[in-house]
Amino acid sequence: MRFNKKLAVRSRFVALEALSFGLKPLHTSLISLLIIRLIDIQFWGKFVFYLVAVQLCITFLNWGQKPYLLKSFSAQPNKIGEYWSKAFFARTPLLIVVFCCLAIVPNLQTFFLPLLLWVSFRWATVMFDSLIQFNRNYKASIKAEVLSLIVSVILVFFGVEKIDLEGLIYIFAFSNGIKLSVLLPLLPKDARAFSSLRNSKAELLISFPFFALTLAGMFQTKGDLYLATFLMDEVELGKYQVLVGFLLLGQAFSGILIGPFLKNVFRFKKKDVKGLKKAYLKVGLAISLLFTIALYFLMRYVYLIDLKIEVALLIFACLAPLYFFLIESQLLLKHKKEKQLLKFTLIAASVTFALSFLLIPLWGIQGALISGVGGKVMLALLVVKQSNKIKNSL
């Protein structure tokens, strides 16, 4: 009875976390659906450049804050406010770098003010992610996402006849401002200002390994999209961004599925981990197949994007490798092989970039997907090989 109750509580948090996470990409996906159906896909393709630019700015401003803070909170939960405040104020000088980029880069300076608002509000909301996950405040996160989504949909739907690129950027900025206003009550009560330059430098240096791993992972998972921004025409880019948005959501299921068992991975013996991996792989491949079928029909009949059947096979191939190596990657972390994991991720990212550069001009969307598959397969091979070495040495 106690086990069932514990499992029910854990399942509830997993469901809330999945919903909270799923609503974030759903925001962009629904707006893209409205733009594609009410205007055209070329307009959305033009907007993708700014979407990617903002994502890169946010990754830079975060500087690995979420994994760093979650580790710090776990080590000293009585100092959450102090850790969060230091992380926030240490990263504010990075806004100057982003400010200069937005002011200098030709395509960005055209929409300098709305982009600055979008980046600022977005970064401020992302700073709450560690607090939400550690304190399990998923209901507040869901409320913020739903309100911002409703506002965005209303603004796009009723302003579709007059909307332009600048207007769409302002809509994204405004929706993130609403999200921030909902999340502000989650601020730690003992949060306080830290303005020392020395403290900021030390904070950024400490969290740099987390930033490096996040950056490598980002380029490994999205490197094909970043190159596609420059190598595809606006129509193809618009289609591919929609597809990638859903693919990232599908890939997130692998992490959500293993989430409740991460502690067990660190505690289990070799035989127990093997059993967990088999069950995880079976469930994961089934989820990947169902997700692939659903996504193919969604793209074809809802977004009205006609994709070849070969694309469906590549979608499955993008999702499946994750279930072969995700548990193995946790075993590397268990044995303090973070540097090797970073090295493997960088190698996989390089493979993705190289293949994207070669294949996107030749085969467009299919070339980009093949590039993503190549990077994931490479990462799976490297991680599994190293994990087997560790197991054999035990």
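Residues numbered from 1 in each chain as written. Predicted model: local features only at pLDDT ≥ 70, side-chain atom pairs only at ≥ 80, totals over all residues. Heavy atoms only, no water.

### Things to note about the packing of aromatic side chains
Here is the rule: Any Phe, Tyr or Trp ring, taking Trp's six-membered ring, that has another such ring centre within 6.5 Å forms a pair; planes under 30 degrees apart are called stacked, those over 60 apart edge-to-face, and the others tilted. Think of it this way: any DSSP run of H or I at least four residues long counts as a helix, any run of E at least two long counts as a strand, and we number them from the N terminus. Only protein chains enter the area calculation, which uses a 1.4 Å probe; residues under 20% of their type maximum are buried, those over 50% are exposed, and those in between are partly exposed.
Applying the stated rule across the entire model yields 25 aromatic pairs. With a centroid separation of 5.9 Å and 50 degrees between ring planes, the pair formed by Trp 63 and Phe 208 is classed as tilted. Of this pair, Trp 63 sits in the loop between α2 (41–62) and α3 (65–75) while Phe 208 is found in helix α12 (residues 208–231), placing the two residues 145 residues apart along the sequence. Judged by relative accessible area, which is 40%, Phe 208 ranks as partly exposed. For the ring pair Phe 99 and Phe 112, a centre distance of 5.1 Å and an interplane angle of 90 degrees mean the geometry is edge-to-face. With a gap of 13 residues between them, Phe 99 in helix α5 (residues 94–104) and Phe 112 in helix α7 (residues 112–126) connect regions that are remote in the sequence. The exposure class assigned to Phe 99 is partly exposed, which follows from its relative accessible area of 40%. Classification of Phe 112 by relative accessible area gives partly exposed; the value is 23%.

### Things to note about the nonpolar core
Here is a general trend for soluble globular proteins: nonpolar side chains tend to be buried in one another's company. We apply this condition: The term nonpolar core refers to a set of buried residues drawn from Ala, Val, Leu, Ile, Met, Phe, Trp, Tyr and Cys, joined through side-chain atoms within 4.5 Å. Contact between two residues is taken to exist if any of their heavy atoms lie within 4.5 Å; hydrogens are not considered.
Of all hydrophobic cores here, the largest spans 90 residues; its most connected members are Trp 44, Leu 168, Tyr 240 and Leu 243. Among the elements that line this core, the one with the most residues is α2, at 13 residues. Dropping the residues within four chain positions of it, Tyr 240 is found in contact with Asp 224, Leu 225, Ala 228, Met 232, Ile 365, Ala 368 and Leu 369. With ten residues, the next largest nonpolar core counts Leu 322, Phe 344, Leu 379 and Ala 380 among its residues.

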